[in-house]
Amino acid sequence: MRVLVTGGAGFIGSHTTLGLLMQDKQGDQESYEVVVVDNFSNSSPESLKRVMEITGKTVEYHDLDLRNKSAVKEFFDSQKQKFDAVVHFAALKAVGESVQKPLEYYENNLTGALNLLECMRESGCKAIVFSSSATVYGNATKDCDKITEDAPISATNPYGRTKLFIEEILRDLCKSDKDWKAINLRYFNPVGAHESGRIGEDPAGIPNNLMPYVSKVAVGKLEYLTVHGNDYPTPDGTGVRDYIHVMDLAEGHIAAIKKLSSLQGEITVNLGTGRGYSVVEMVEAMRKASGAEIPYKIGPRREGDVAMLCASTEKAKRELGWVAKKNLEDMCNDLWRWQSANPNGYRQ
């Protein structure tokens, strides 16, 4: 099976690429040829070189910005074989930054997706797994412990809205043309790294997400963590999230790719563990894994954040045959193995 992975050098993209390449070694009858495109604005080709090192397989990759439609069309036209499916990760992804730079987020995420879909249609590939986000639920979790896929959706920040808009585009596309198949994966908070410690999350500049920031504090690259609010209606006042190991998340994407062959139309599926942890609990878990002090200070709430976001996982189990297997200890141990061995990330 020939799969195009956009944003495949990034955190989730590189781990999914690795997972696809390892499928035949795990007893899967299907083998996967993976082609990656990435503009490397928040990633490094080094991640793909290490994927090849770990798997012993070759990954074809291209420096390509999806906003450049003529370049995207040229890329698709250059392929001697059409793709069987696309996994679309490429996007700007920081909640806080999106509030500060809404035009940049709408331009990058929506233009890139539209160009990709148009070129897919022209090439005859009409099967896509889309990297959506639990941020599309907004404040829908305030009255429930675990959110289901049919919960009301009302994103509270530009990043979440771009994900929601692309989901709607895919739903309209599948309704207009019965040949299209789309799976929107709304996943929660990816953490951890591959168990080898060779690939992991390496954001450019100051990390926007909690655990890469915490690990930078643990390794001595940052002085302390700012906790954005401790007055939420949660047990310790800090925000509660459903954290999922990135390799579990990669397996969820692979399960979705396999589902495409029997799918008609579009489905939306949560990927999470169903268990929430607060910011303070995550800091304590990372302190235990690293043996390092992780000082933190309490700051004001961050605009666009919600108190609690945890997944109902029943639909993923029913539709994809997928459940998360790794626990919080696995997440933190693997994250620390990556961070301690690569304190500067891929920039050695």
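Residues numbered from 1 in each chain as written. Predicted model: local features only at pLDDT ≥ 70, side-chain atom pairs only at ≥ 80, totals over all residues. Heavy atoms only, no water.

- As recorded in an unreviewed UniProt entry, the protein chain goes by the name UDP-glucose 4-epimerase, listed as coming from Guillardia theta.
- Annotation of the protein chain in UniProt includes, under Catalytic activity (unreviewed entry), the sentence "UDP-alpha-D-glucose = UDP-alpha-D-galactose".
- Taken verbatim from the UniProt record of the protein chain, the Sequence similarities (unreviewed entry) comment is "Belongs to the NAD(P)-dependent epimerase/dehydratase family." (UniProt positions renumbered as here; feature names shortened; annotations may be inferred.)

### What about the nonpolar core?
Right, so step 1: Counting residues in each nonpolar core, the largest one holds 68 residues, and the members touching the most others are Leu-185 and Met-211.
Right, so step 2: For this core, the element with the most residues is helix H8 (residues 246-260), which contributes eight residues.
Right, so step 3: When neighbours within four sequence positions are excluded, Leu-185 is seen to be in contact with Val-129, Phe-130, Ser-131, Ser-132, Ser-133, Gly-252, His-253, Ala-256, Val-269, Leu-271 and Leu-320.
Right, so step 4: Leu-116, Ile-166, Cys-174 and Ala-182 belong to the second largest nonpolar core, which has 25 residues in total. (Core = buried A, V, L, I, M, F, W, Y, C linked by side-chain atoms within 4.5 Å. Buried < 20%, exposed > 50% of the residue type's maximum accessible area, 1.4 Å probe, protein only. Helix = DSSP H or I, 4+ residues; strand = E, 2+ residues; numbered from the N terminus. Contact = heavy atoms within 4.5 Å.)

### So, the side chain of His-88
Right, so step 1: Mapped onto the elements, His-88 comes out in strand E4 (residues 85-88).
Right, so step 2: Note on His-88: relative accessible area 3%, which makes it buried.
Right, so step 3: Side chain to side chain, His-88 and Thr-6 meet in a polar contact 2.7 Å long. (Polar contact = N/O pair within 3.5 Å; in protein donor to acceptor, adjacent residues only side chain to side chain.)

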